[in-house]
Amino acid sequence: MVTTWLSREFGIEIPVLGAPMGGRAGGALAGAVSAAGGLGLLGAARYNTPEWIEAEAEVARSIGGKFGVGLMTWSLPENELMLDAAIAVEPTMITLSFGDPAAYVGRIHDAGIPVVSQINTLADLRIVEAAGVDAVIAQGGEAGGHTGRIGTLPLLQEILEATSLPVLAAGGIGTGRGLAAVLAAGGEGVMIGTALLASPETVGPDYARDRVVEAGSADTIYTSVFDRARSQPWPQRWGGRAVANEFTAAWHGVDADEETLAQAYDPSDPHSGVVYAGEAVGLVHGTHPAGDVVRRIGADAERLLSRFA
């Protein structure tokens, strides 16, 4: 595989990160991505606990040896114990995304751990540069889960032109063609999430995997309705991209209070429960093991790039 800053810095064979998807990326998924030659990240969401990080880190390490931890920066002021726990498990990388990481980068660096931030705009880049992060991930609006509104390709080009930091890309990348495109553009690697959502190592209800396999690339919606129904206080600037379902058909864009949405929402119902997924969902055609997905992406990208060797 082509050697990049990402593969050299973290000792991995394939320049692919497994996205820290809250509610989906536990130790089994992170470990499987790492065992295949990438680097998997635990999705330490706001509703997880320090004990969850400790337990899932042990699982990830036992499977893949190395792993990272992804944290939501905006939620850390209410519970910095999550950051303490992430540092304590000695991950290969910590990602601090969705907010200004300046208050936390120094503490992580003091522990000898690199810090990477997902960003959605040029203004985000300037904030995380000032905070001292080691690399950035240009996350485009095609991405699943919480994301911005600028497309991956325009954002990636803008960020590559604007910084000397290593730049990765996320959003809409689900095959070796996507990885090859990012590397050819000058990126150092990619973060994938949706491509892994149907894998058996992914945490979550079985219907979530089924919905991902069944959905096409035009079947997602960018919405805040699931956050409001579940009392998840995400900052307004970040909506979430999910597979459209009967709940979004009934409530997206409707002026309803959170109590009404909560009463209507049923996470156990396949037609109501949230399945965050990006536009790359149309590239997911089966429930393949995460390691197979990562290895196939790496091999296909290498084959495509070899045409220009």
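Throughout this description, residue numbers start from 1 for each chain and increase along the sequence as written. Local features in this predicted model are restricted to residues whose pLDDT is 70 or higher, and side-chain atom pairs enter the listing and the counts only when it is 80 or higher, whereas totals over whole chains, interfaces and linings include all residues. Water and hydrogen atoms were dropped before computing side-chain values, which therefore reflect all heavy atoms in the structure.

Caption draft 1: Structural view of the overall build of the protein. Helix and strand counts for the protein come out as 13 helices and 11 strands. Since a compact globule built from 309 residues should have a radius of gyration of about 19 Å, the 18 Å found for the protein is in line with a globular shape. The principal-axis extent of the C-alpha atoms belonging to the protein is close to 55 × 40 × 40 Å. Considering the protein as a whole, with its 309 residues, one finds that 55% of them fall into the buried category. Per the convention used, a helix needs a DSSP run of H or I reaching at least four residues, while a strand needs a run of E reaching at least two, with both numbered from the N terminus. Our radius of gyration is a C-alpha quantity, and the globule rule it is checked against amounts to 2.2 Å times the number of residues to the power 0.38. The buried label applies to any residue whose accessible area, calculated with a 1.4 Å probe on protein chains only, is under 20% of its type's maximum; exposed applies above 50%, and partly exposed to all values in between.

Caption draft 2: Main features of the nonpolar core. L17, L71, L96 and I192 are the most contacted members of the largest nonpolar core, which totals 85 residues. Considering every element that reaches this core, the biggest residue donor is helix α13 (residues 290-305), with seven residues. Only heavy atoms enter the contact rule, under which two residues are in contact if any of them lie within 4.5 Å. The contacts of L17, once residues within four sequence positions are left out, are L6, L39, L41, M93, I137, L168, V190, M191 and I192. Among the buried residues, those of types Ala, Val, Leu, Ile, Met, Phe, Trp, Tyr and Cys that are joined through side-chain atoms within 4.5 Å form a nonpolar core. Core analysis: the second largest hydrophobic core is formed by 10 residues, V225, F226, A256 and L261 among them.

Caption draft 3: How the structure looks around helix α7 (residues 152-162). Where α7 is concerned, the buried positions are T152, L155, L156 and I159. Projected onto a plane normal to the axis of α7, the buried residues spread over an arc of 100° and lie on a single side. Along α7, the residues that are exposed and aim more than 90 degrees away from the buried face are L153 and E161. Considering only its buried residues, α7 is in contact with β5 (115-119), α6 (122-131), β6 (135-139), β8 (167-170) and α8 (176-185). When we speak of the arc, we mean the arc of directions from the helix axis to the C-beta atoms.

Caption draft 4: Here's a closer look at the sheet that holds strand β4 (residues 93-97). Strand order in this closed barrel of eight strands is β1-β2-β3-β4-β5-β6-β8-β9, and the pairing throughout is parallel. In this sheet, neighbouring strand axes are inclined to one another by 30° on average, regardless of whether the strands run parallel or antiparallel. Here a strand pair is declared whenever DSSP counts at least two bridges between the two strands. Across two bridges, β8 lies against strand β9 (residues 190-192) in parallel orientation. Its bridge partner being in β9, A169 is matched across the sheet by V190. Packing of helix α4 (residues 81-88) onto the sheet brings it into contact with β2 (39-44), β3 (68-72) and β4, and relative to β3 it is tilted by some 170°. Each axis is a line fitted through C-alpha atoms, taken for helices only over the stretch in contact, and angles between the N-to-C directions span 0 to 180 degrees.

Caption draft 5: Inspection of a negative patch on the surface at higher detail. Together, D255, D257, E258 and E259 give the surface a local cluster of negative charge. Along the chain, the position of E258 falls in helix α12 (residues 258-264). Residues forming no salt bridge and having over 30% relative accessible area are the ones grouped into patches, like charges within 9 Å of each other and nonpolar side chains (Val, Leu, Ile, Met, Phe, Trp, Tyr) within 5 Å. Areas reported here follow the Shrake-Rupley algorithm with a probe of radius 1.4 Å; residue values treat only the protein chains shown as occluding. Criterion for a salt bridge: a side-chain nitrogen of Lys or Arg within 4 Å of a carboxyl oxygen of Asp or Glu. In this tally, Lys and Arg are treated as positive and Asp and Glu as negative; His is ignored, and so are the chain termini. The atoms used to mark charge sites are NZ of Lys, CZ of Arg, CG of Asp and CD of Glu.

Caption draft 6: The sheet that holds strand β11 (residues 239-243), seen in detail. Across the sheet, which stays open at both edges, the three strands sit in the order β7-β11-β10 with antiparallel pairing between neighbours. Across the chains shown, the open sheet's two edge strands, defined by having one partner strand only, are β7 (145-147) and β10 (220-223). Ignoring which end each strand starts from, the neighbouring axes of this sheet average 30° apart. Relative to β11, β10 runs antiparallel, the two sharing four bridges. The partner of T220 across the bridge, within β11, is V243.

Caption draft 7: Inspection of the layout of surface pockets at higher detail. Points on a 1 Å grid, built from protein atoms alone, make a cavity when a 1.4 Å probe fits but cannot get out and make a pocket when they are open with protein on both sides within 12 Å along at least 5 of 7 lines; residues with an atom within 4 Å of a point are the lining residues. Grid points are joined across faces, edges and corners, and a volume is the space filled by probe spheres set on the points. Within this model, the largest pocket holds a volume of roughly 820 Å³. Among the elements that make up the lining of the largest pocket, the one with the highest residue count is β3 (three residues). Along the lines of polarity and charge, the residues of the lining of the largest pocket split into 25 nonpolar, 18 polar and two charged. Residue polarity follows a fixed list, in which Ala, Val, Leu, Ile, Met, Phe, Trp, Tyr, Cys and Pro are nonpolar, Asp, Glu, Lys and Arg are charged, and the others, Gly among them, are polar.

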